[in-house]
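Residues per chain are reported as follows:
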Amino acid sequence: MANLDVEDFIQQNRALADQVETFRGYWESEKHWQARREFILRNISDFEDPHLDHLISLSMVWANNVFLGCRYSTELLEKVKEMAEGVVVEDAPVFKTRDEIMKKQQGR
């Protein structure tokens, strides 16, 4: 779903879009929320109402990994990356591990 596709989807599914808007955290920037909202909209049809909290949790795992550099188990990251396929985040931060930083420092 490109940004235009997301906007078209929202216009055609106003009630669902309004429900998804309630999932936004007050701490999320517009850039962060737009990406996470797209993640949710791309996957919401795979989750029935009692399991929406699972989708919201997965969207937060994905966003935390992309925007904050949080690390999770390989299985979980593979799952959310697959779910996020097609979600484009421009100028996403690049994070390095402590080991990567130390290795670079030792190479000097």
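The residue numbers shown here count from 1 along each chain, following its written sequence. Side-chain atom pairs in this predicted model are given and counted only at pLDDT of 80 or more, local residue features only at pLDDT of at least 70, and totals for whole chains, interfaces and linings cover all residues. With hydrogens and water excluded, all non-hydrogen atoms of the structure serve as input to the side-chain values.

### Let's talk about the packing of helix H3 (residues 30-43) against helix H4 (residues 52-68)
At their nearest, the axes of H3 and H4 sit 10 Å apart, and the two run at 140° to each other. In terms of orientation, H3 and H4 fall into the oblique class. Both H3 and H4 take part in a crossing whose hand is right-handed. Between H3 and H4, the residues in contact are Lys31, His32, Ala35, Arg36, Phe39, Ile40 and Asn43 and Leu55, Ile56, Leu58, Ser59, Met60, Trp62, Ala63 and Phe67, respectively. Looking at the contact of H3 with H4 residue by residue, the classes come out as 10 nonpolar, 3 polar and 2 charged. Axis definition: a line fit to C-alpha positions, over the contact stretch in the case of helices; interaxial angles, taken between N-to-C directions, run 0 to 180 degrees. The secondary structure listing takes helices from DSSP runs of H or I that are at least 4 residues long and strands from runs of E that are at least 2 residues long, numbered from the N terminus. Any angle from 65 to 115 degrees is called roughly perpendicular, while one under 35 is roughly parallel, one over 145 is roughly antiparallel, and all others are oblique. A clockwise turn of the near helix away from the far one marks a right-handed crossing, whereas an anticlockwise turn of less than a right angle marks a left-handed crossing. We call two residues in contact whenever any of their non-hydrogen atoms come within 4.5 Å of each other. Gly is put with the polar residues, along with every residue not named as nonpolar or charged; the nonpolar set is Ala, Val, Leu, Ile, Met, Phe, Trp, Tyr, Cys and Pro, and the charged set is Asp, Glu, Lys and Arg.

### Some remarks on the nonpolar core
Definition of nonpolar core: a set of buried residues of the types Ala, Val, Leu, Ile, Met, Phe, Trp, Tyr and Cys, connected through side-chain atoms within 4.5 Å. The rule is simple: take the accessible area with a 1.4 Å probe, protein chains only, and divide by the maximum for that residue type; under 20% is buried, over 50% is exposed, in between is partly exposed. Ranked by size, the top nonpolar core spans 23 residues in total, and within it Val20, Phe23, Phe39, Ile40, Leu55, Trp62 and Val80 carry the most contacts. Secondary structure elements with two or more residues in this core: H3, H4 and helix H5 (74-83). With 9 residues, H4 is the largest single contributor of residues to this core. In this view, Trp62 contacts Ala35, Arg36, Phe39, Val80, Ala84, Val87 and Val89; residues no more than four positions away in its chain are not counted.

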